[in-house]
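Okay, here's what each chain looks like letter by letter:
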Amino acid sequence: AQSVSQHNHHVILSEAASLELGCNYSYGGTVNLFWYVQYPGQHLQLLLKYFSGDPLVKGIKGFEAEFIKSKFSFNLRKPSVQWSDTAEYFCAVKWATGTASKLTFGTGTRLQVTL
Amino acid sequence: GAGVSQTPSNKVTEKGKYVELRCDPISGHTALYWYRQSLGQGPEFLIYFQGTGAADDSGLPNDRFFAVRPEGSVSTLKIQRTERGDSAVYLCASSLNGAGDTQYFGPGTRLTVL
């Protein structure tokens, strides 16, 4: 079955530390990849996405992610986190099979940035 | 422009009751999705509409769940004979055309079944 794994459930970092959140998916083929963020009290917002082309994609607020097809991975990175990055981060995958349009999400990673 | 809106924001009901949850997508978006998010989990797909028709309802857990989108805009998720296990946040998303488009999410409806 198609699944998405996020290995870090809860991450605590100090401000200015570097961040890397892991995301792996279970099944190959053509995929569209997404990272969504949910700030406290807010709804899910798109952080960045990969459809094709350069496997290193840049999103909002200084985030980037790298698609490594051979590893079925799409890890999220930020060189220097801020307190305002405290949020829950979700990796999501859409497999391009038939008319499938649904997103399959990981369980999320809760990031807590301390001052 | 306005984003995806969902009403009510919170719904408390008793086991066995019927509930309706409403989603108003972004204007002009033809694709609409329902997801369910349980505590500590990521959103799980329920159903996808392209226009008025359900293009993929493979995520509906059983026949107590039903969704409609009669005019290709607003959608209603209907749950019959609610059970405590139905308690979750129900999320709606819309996208311009479906398939490869980015999905934009609403704030969700928190359903609590007592």
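Preceding this paragraph is the structure being described.
Let me sum up the structure you'll find in this document. Residue numbering note: each chain is counted from 1, following its sequence as written. As they are written, the chains are lettered A onward and the ligands numbered 1 onward, keeping that order. Thresholds applied to this predicted model are a pLDDT of at least 70 for local features of residues and 80 or more for the giving and counting of side-chain atom pairs; totals over whole chains, interfaces and linings are not thresholded and use all residues. Here the side-chain values reflect all heavy atoms present in the structure, with hydrogen atoms and water set aside.

1. Describing the sheet that holds strand 3 (residues 19-24) of chain B
Through backbone hydrogen bonds, the strands of a sheet pair up, either in parallel or in antiparallel fashion.
Residues and elements named next belong to chain B.
Then step 1. Strand pairing is assigned whenever DSSP detects at least two bridges linking the two strands. Under the scheme used here, helices are H or I runs from DSSP no shorter than 4 residues and strands are E runs no shorter than 2 residues, and both carry numbers assigned from the N terminus. The strand order across the open sheet built from 4 strands is 1-3-8-7, with neighbouring strands paired in antiparallel fashion. This sheet does not close on itself; its edge strands, each paired only once, are strand 1 (5-7) and strand 7 (65-68). On average, adjacent strands in this sheet sit at an angle of 15° to one another, irrespective of strand direction.
Then step 2. With 5 bridges joining them, strand 3 and strand 8 (residues 75-79) adopt antiparallel strand pairing. Across the sheet, Val 19 pairs through a bridge with Ile 79, a residue of strand 8. All axes here are fitted lines through C-alpha atoms, helices being fitted over the stretch that makes contact, and every angle between N-to-C directions spans 0 to 180 degrees.

2. Some thoughts on the nonpolar core
Then step 1. Counting 29 residues, the largest nonpolar core has Tyr25(A), Leu33(A), Trp35(A), Leu48(A), Phe74(A), Leu76(A) and Tyr89(A) as its most contacted members.
Then step 2. With 5 residues, strand 10 (residues 87-95) of chain A is the single largest residue contributor to this core.
Then step 3. To qualify as a nonpolar core, a set must consist of buried Ala, Val, Leu, Ile, Met, Phe, Trp, Tyr and Cys residues joined through side-chain atoms within 4.5 Å. Each residue gets one of three labels from its accessible area relative to the maximum for its type: buried under 20%, exposed over 50%, partly exposed in between, using a 1.4 Å probe on protein chains only. By size, the runner-up hydrophobic cluster in this structure holds 20 residues, among which are Leu21(B), Leu77(B), Tyr90(B) and Val113(B).

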